[in-house]
Amino acid sequence: MQNRAERSYDAATGSDRSILYGASGFTLHNAHLQTADRINNTYNIHGDSKVIEVNEALRLLGNPKGCAWDPARACLDGTRVVHIEAITSWATSLEAEPTTSGARILLVPGPAGSGKSALAHTICKELSRSGHLVCSVFFDHTGPQPTAEDFTVVLVQGLCTVDDPVKKAIVELIIKNKTLASAPASRQIEDLVLPIVANLPSTRTFVVGIDALDEQRNPSMLKLLRDYVPRLPSTFRFVLTTRPDPLVMQYLENRPHIISFLHPLVGESSKADVKTFIVDRLSMTDYQTAISAKLLKAFIVKSEGLFLWAETVLNHIDNTYGHAEELADIIDGASSDWTKTETAAGKLEKLYEHILSKLRWNNDRFVEKYNIVIGALVTLQEPLSRRGLAELYSPDGITEDDVHGICMLLRTLLKDYSKDDPTRPIHLLHLSVQEYLVQRAPQPFRIDCEVHHKSLSRLCLLAIQRELTPAKVPILGYSDGDWVWDVTKKNRKIPVLLRASLTEPLWYSIHHVNAHWRSLREEAGKEHTTLLREIIVENPRPILEAAASTRSKVDMISLQHKVWPHGPPSLALARRMAKIYVSLGRCLYGANRAAEALPLLQGAVSQYTPYKDDNLDTTAELQLAASLTWLGLCLCYLDCPDDALPHVEKAVTICRQLSLTHANEARVALAYSLETKGHVLDKLKRYDKAYDIDVEVLDLYRQLVVAHPEKFQHRLGLALRNLAWSLDACKKHEEAVVVTQEEVELRRKMMERDTQISGAGLVMSLESQARYLINAKRKPEAVECSQEAVEIWRRLVHDNPEKFNSGLADSLYNMASDLYSCDRVADAIPFSCEAIKIRHQLVANNPSTFEPDLANSLYNHAMYTRMAGRITEVVGYGQDAVEIRHRLVHDDPEKFNAGLADSLHNMASDLDECGRVADAIPYSCEAIQIRRKLVANDPSAFEPDLANYLNNHAIYLEGLGRTEEALECRRERDDIQSRLPAQS
Ligand SMILES: Nc1ncnc2c1ncn2[C@@H]1O[C@H](COP(=O)(O)OP(=O)(O)OP(=O)(O)O)[C@@H](O)[C@H]1O
């Protein structure tokens, strides 16, 4: 029996040993082998002639191509893990959904190049191994493309492998009617598949994999999937990957037997998979080390999670000259090799063109809406939802349906477009799509961005005009009022406007109107400039307030220039604008946003330029002086005292002039402009001059306070503080103490009179006093002042920790330092500890602001514990300070290098002290290295310390027996010392 069976096998399968001879495209290699065993039994039952008939019948079915999964095209291990798991468990689960009775399709739509085929090959591979796959078909096959009939043939062939009764039933049907073997697909389902489904076991699922359905242009395949699949039993599972082509989606979406797969294949969630892929590919190259971590990160970000782009870039740089440089150029959009090469950007663009070419370019309505909607999508500065886009375009008659219609047709070139959620932002698939459409696509696909910038700049202005009103945005008007010219009034607070509190088009318009205007090459038309004039010139307050509140940047001045052809504004309008600019400038300055305040204050001053030779009235002159003063102050804050000085001097001149004729009105303005001049001179280190000014200011405020104590006492306090500061800077420390004492007393009285005053003013004057007392060598008194300051801060923190915690930490830090300078190091430690604790909390919320303070605290604390003899604790604090300062130096070496060098130097010394001299060496080396750099820029400031560092380093080296090196260090030290003046 055995021999006979074997002989029969040879005869039946022919020389290629395939059971399903003539069906070589069939996908189930494992199933072939399994079926071969079973065929032995069949032959025993039917005899040789029957076997030949069976094979003849099966041969009639043919040999479709493009139906085999390919392990070389499968996903890289470790990618698409979630997708594979979700799909295979759905496909193999026997659980039937209660809502449908027949077979179901899992529809996995994904945009172009997102890795659908890779996923399809992987799924088929996995399910073939587990014995669930019946057949597969890949419509993107490079040879002759499979047809619907090819699909039904492989389905029938696959069913033949399930078991012998099924095969027998199928064969009998073919033998009975041979035309069925080449019948249309629907008939094959009807007459070959459906009749045998009752014979199929119900203990497993039968999975069919279909990929690239969108490449199948004949609707007969779509009809099969739509109309015949539900008639198959529920054990059938179809996994279908496709681009969301309009035709495919029209047939399949929203059918009860079709389930949409929810995991996206591009975008944020795919970046990790693309990263794995990139890293794997680079690991096989000999240039991998040339790709820095930063470049790799930029590459991954730029991929936007799109496999095809990443793969095309990798292929391109593999074959280029200067791999890393070319990659950097591609990322920066600066590689002409990339854009001009057929196999690089050209490959992607061919695909985009192929997709676009399938759309309805003869239909004028489509072309018109394509231009508007896709034109908008490629020109927008940030994505909008279809609802937002329709609202923005409502003046041009565009509806949500228009946007939706076009997006549905172009879904393949969008990133995860949501059919159901009109509020989800619409993203183009990838930047390469935008670049193609704007720069290289042929007509009629090409988009002219200039046209769309023009539309969008107009539409943004219309949205602002329509929606930026006090009725719709109630916070508007917060900067309004005459407070702006009154220096004794506090700057108004800027209320925060969150994105959710504005409509999408309004938010967008406030943020991006500028960019659209900037992108216009030609001059805008009359409609545009009229709108711009109304919003930017005639009433700029709402847009400026909204910009400040949403933290967006509106470049008013350059926008104004766009309407200058109408000539400069009248004096009345100029004054109105200047007032608005100064009010917003002050608000921004008060919110520590001086960089944003600056252009407004410059704009305010320049409003008066056309009228500089006219005789302005007193009020206008005073307002100009105030504008100049604020501008000077702002420049001074931004570390540009040289630029500030001329403005402030101009203000002082105007005020002095006016005070001759209008003493009362001009005195306050004069005091304020002089006060600002004092700040500027201090910043310029011209302390003597600043002192003279501060004396004059104090005198003016003393006069002013007589008539209006309530109004001017705070400014009088500030005048005292400024004067004390200048005195201290002029090394007149005792005098500084006296002046600051007057301020302290004034502040105490103010608090007695008005219990609403918080004590924040007093605490600052106490802290200044403590500093001047230290400088005057009156250290114990300084400690008393600091002590009082700490107590006041504690009270303030009790009421409002968020606001005052950082002040308390500073005060504790100073207190510790004062105690240390009084040789009370043990008393200093608890204060220092408390400061560190608070600063750690502050750093957790806002590292960039508070890390430098924390590093200072840790650095000092290490010093205190060292002085207290607690040497084992020291290293930990020192180490923390070094770590933070390393981070700070990374971002701003100029500012933090000296501090890092000190920290490293102390760390080395502490390690040496702990008997860890070998550990000290690298710290000491790094400290010396940084010092050398600092010395190169400023030898006189840094050479003494370098000599000191070298001295210590020599001691460490000697401790390790490295005498030669120690000698070398000492030689360099001596060399430096011989150059230094005697006292150093
Ligand atoms: N998970 C993955 N692991 C490794 N390579 C992948 C993966 N996914 C995609 N690729 C590679 O990225 C490229 C694009 O993938 P694929 O052809 O599968 O995309 P697609 O969505 O089917 O494209 P199209 O829309 O053109 O049909 C292919 O060369 C593929 O090998």
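Residues numbered from 1 in each chain as written. Predicted model: local features only at pLDDT ≥ 70, side-chain atom pairs only at ≥ 80, totals over all residues. Heavy atoms only, no water.

As named in an unreviewed UniProt entry, the protein chain is TPR-like protein, taken from Coprinopsis marcescibilis.

Looking now at the overall build of the protein chain. In terms of regular secondary structure, the protein chain is built from 43 helices and 5 strands. In summary, the protein chain has a C-alpha radius of gyration of 40 Å against a globular reference of 30 Å for 984 residues, an excess of more than 25%. Across the 984 residues in the protein chain, those meeting the buried criterion constitute 53%. Looking at the protein chain alone, contacts between residues at least 24 apart form 71% of all its contacts between residues at least 6 apart. Carbon and sulfur atoms make up 51% of the accessible area of the protein chain, which amounts to about 44800 Å² in all. Both charge centroids of the protein chain, one from 112 positive and one from 130 negative side chains, sit 4 Å from each other. (Helix = DSSP H or I, 4+ residues; strand = E, 2+ residues; numbered from the N terminus. Rg over C-alpha atoms; globule rule 2.2 N^0.38 Å. Buried < 20%, exposed > 50% of the residue type's maximum accessible area, 1.4 Å probe, protein only. Contact = heavy atoms within 4.5 Å. Areas by Shrake-Rupley, 256 points an atom, 1.4 Å probe, with all protein chains shown as cover. Lys, Arg positive; Asp, Glu negative; His and termini not counted. Charge placed at Lys NZ, Arg CZ, Asp CG, Glu CD.)

Applying the stated criterion across every chain, the model contains 56 salt bridges. We note a salt bridge from R866 to D910, for which the minimum N-O separation is 2.5 Å. Here R866 is found in helix 38 (residues 847-867), whereas its partner D910 is found in helix 40 (residues 893-913), with 44 residues between them in sequence. Using a relative accessible area of 23% as the deciding quantity, one classes R866 as partly exposed. Of the residues examined, D910 reaches a relative accessible area of 2% and is grouped as buried. (Salt bridge = Lys/Arg side-chain N within 4 Å of Asp/Glu carboxyl O.)

Our next topic: the sheet that holds strand 4 (residues 236-242). The strand order across the open sheet formed by 5 strands is 2-3-4-1-5, and the pairing between neighbours is parallel. Each of the sheet's edge strands pairs with one partner strand only, and the pair in question is strand 2 (133-138) and strand 5 (258-260). Here the average twist between neighbouring strands, direction ignored, is 15°. Looking at chain direction, strand 3 (residues 206-211) and strand 4 are connected through 6 bridges and run parallel. Opposite D211, over in strand 4, you have T241 as the bridge partner. In the packing of helix 6 (residues 148-160) onto the sheet, contacts are made with strand 2, strand 3 and strand 4, and the angle to strand 2 comes to roughly 160°. (Pairing = 2+ DSSP bridges. Axes fitted to C-alpha atoms, helices over the stretch in contact; angles between N-to-C directions.)

Tallied over the entire structure, the rule returns 17 aromatic pairs. Look at Y589 and Y637: their rings are 5.6 Å apart centre to centre, the planes differ by 70°, and that puts the pair in the edge-to-face class. Taken together, the residues span a long stretch of sequence, with Y589 in helix 26 (residues 571-590) and Y637 in helix 28 (residues 618-637) at a distance of 48 residues. By the ring-pair criterion, three or more aromatic residues cluster together here, those being W361, F366, Y370 and F445. Residue placement shows K732 over the ring face of Y691; its charged tip is 5.0 Å from the ring centre. Of note, R885 hangs over the ring of Y859, and the distance from its end group to the ring centre comes to 4.8 Å. (Phe/Tyr/Trp six-rings, centres within 6.5 Å; stacked < 30°, edge-to-face > 60°. Lys NZ or Arg CZ within 6 Å of the ring centre and 35° of its normal.)

Close to the ligand lie 18 residues, the nearest being K116, S117, A118, R243 and E311. Contacts to the ligand include G113, whose backbone N or O atom sits 2.9 Å from an oxygen atom. When the ligand is considered free in solution it has 620 Å² of accessible area, and contact with the protein chains removes 85% of it. For the shell around the ligand, the secondary-structure elements that each account for two or more residues are helix 5 (116-129) and helix 13 (307-318). Its residues placed into classes, the shell around the ligand shows 9 nonpolar, 5 polar and 4 charged. (Near = heavy atom within 4 Å. Polar contact = N/O pair within 3.5 Å; in protein donor to acceptor, adjacent residues only side chain to side chain. Nonpolar A, V, L, I, M, F, W, Y, C, P; charged D, E, K, R; others polar.)

Below, the discussion takes up the UniProt feature "domain: NACHT" (unreviewed entry) in the protein chain. Taken from the UniProt record, the annotation "domain: NACHT" (unreviewed entry) applies to residues 104-245. When the span residues 104-245 is considered, its composition is 42% helix and 18% strand, and the gap between its end C-alpha atoms is 20 Å. (UniProt positions renumbered as here; feature names shortened; annotations may be inferred.)

Here the focus is the confidence of the model for the protein chain. Mean pLDDT for the protein chain: 89, with 94% of residues reaching 70 or above. Segment residues 1-46: pLDDT under 50, and 68 contacts once partners within four positions in sequence are set aside and those in other chains are kept. (pLDDT = per-residue confidence, 0-100.)

So, about the nonpolar core. In this structure, L356 and Y370 are the most contacted members of the largest nonpolar core, which totals 254 residues. It is helix 28 that contributes the most residues to this core, 12 residues altogether. No fewer than three residues from each of domain 2 (449-582) and domain 3 (849-984) sit in this core. Once residues lying within four places of it in the same chain are set aside, the contact partners of Y370 are L356, W361, G375, I406, L410, L437, P444, F445 and I447. The next biggest cluster of nonpolar side chains, apart from the first, holds 58 residues, and it includes L192, Y228, V229 and F238. (Core = buried A, V, L, I, M, F, W, Y, C linked by side-chain atoms within 4.5 Å. Domains from an automatic or database assignment.)

The next thing to look at is the environment of Q560. For Q560, the position within the fold is in helix 25 (residues 556-562). Take Q560: its relative accessible area is 2%, and that puts it in the buried class. For the pair Q560 and V790, spaced 230 residues apart in sequence, the C-alpha separation works out to 51 Å.

Here the focus is the packing of helix 24 (residues 541-550) against helix 26. Axis angle and axis distance: for two packed helices, these are the angle between their axes and the distance between the axes, and together they describe the pair. In contact at an axis separation of 10 Å, helix 24 and helix 26 are set at 10° when each is read in the N-to-C sense. Classified by the angle between their axes, helix 24 and helix 26 sit roughly parallel to one another. Judged by residue contacts, R541, L544, E545 and A548 of helix 24 engage I580, Y581, S583, L584 and L588 from helix 26. Considered class by class, the residues forming the contact of helix 24 with helix 26 number 6 nonpolar, 1 polar and 2 charged. (Parallel < 35°, antiparallel > 145°, perpendicular 65-115°, else oblique.)

With that settled, consider the side chain of S765. For S765, the location among the structural elements is in helix 34 (residues 760-775). A polar contact is formed between the side chain of S765 and the backbone oxygen of L762, at a distance of 2.8 Å. Among residues more than four places away in sequence, those in contact with S765 are R721, T740, E743, V744 and R747.

Before going further, it helps to examine helix 16 (residues 345-357). Along its 13 residues, helix 16 runs 18 Å from first to last C-alpha, staying within 8% of the 18 Å computed at 1.5 Å per residue. Along helix 16, the residues that are buried comprise A345, G346, L348, E349, L351, Y352, I355 and L356. Looking at the buried positions of helix 16, the neighbouring elements they touch are helix 13, helix 15 (336-340), helix 17 (364-379) and helix 20 (431-440). (Expected span 1.5 Å × (residues − 1).)

It is worth spelling out the environment of L194 at this point. Along the chain, L194 turns up in the loop between helix 8 (185-193) and strand 3. Residue classification places L194 among the buried positions, given a relative accessible area of 17%. In sequence terms L194 and P233 are 39 residues apart; their C-alpha atoms lie 9.1 Å from each other. Once you skip the residues sitting within four places of it in the chain, L194 turns out to touch I189, R231 and L232.

Below, the discussion takes up the packing of helix 17 against helix 20. Between helix 17 and helix 20, the least distance of the axes is 10 Å, while the angle of their chain directions is 120°. For the element pair helix 17 / helix 20, the angle class is oblique. Handedness of the helix 17/helix 20 crossing: left-handed. In this structure, helix 17 contributes Y370, I374 and V378 to the contact, and helix 20 contributes Q434, L437 and V438. Considered class by class, the residues forming the contact of helix 17 with helix 20 number 5 nonpolar, 1 polar and no charged. (Left-handed = near helix turned anticlockwise from the far one by under 90°.)

Moving on: the side chain of H404. Mapping H404 onto the fold places it in helix 19 (residues 400-409). A polar contact of 2.6 Å, which involves the side chain of H404, links it to the side chain of Y417. Not counting residues up to four positions away in its chain, the partners in contact with H404 are R386, Y417 and K419.

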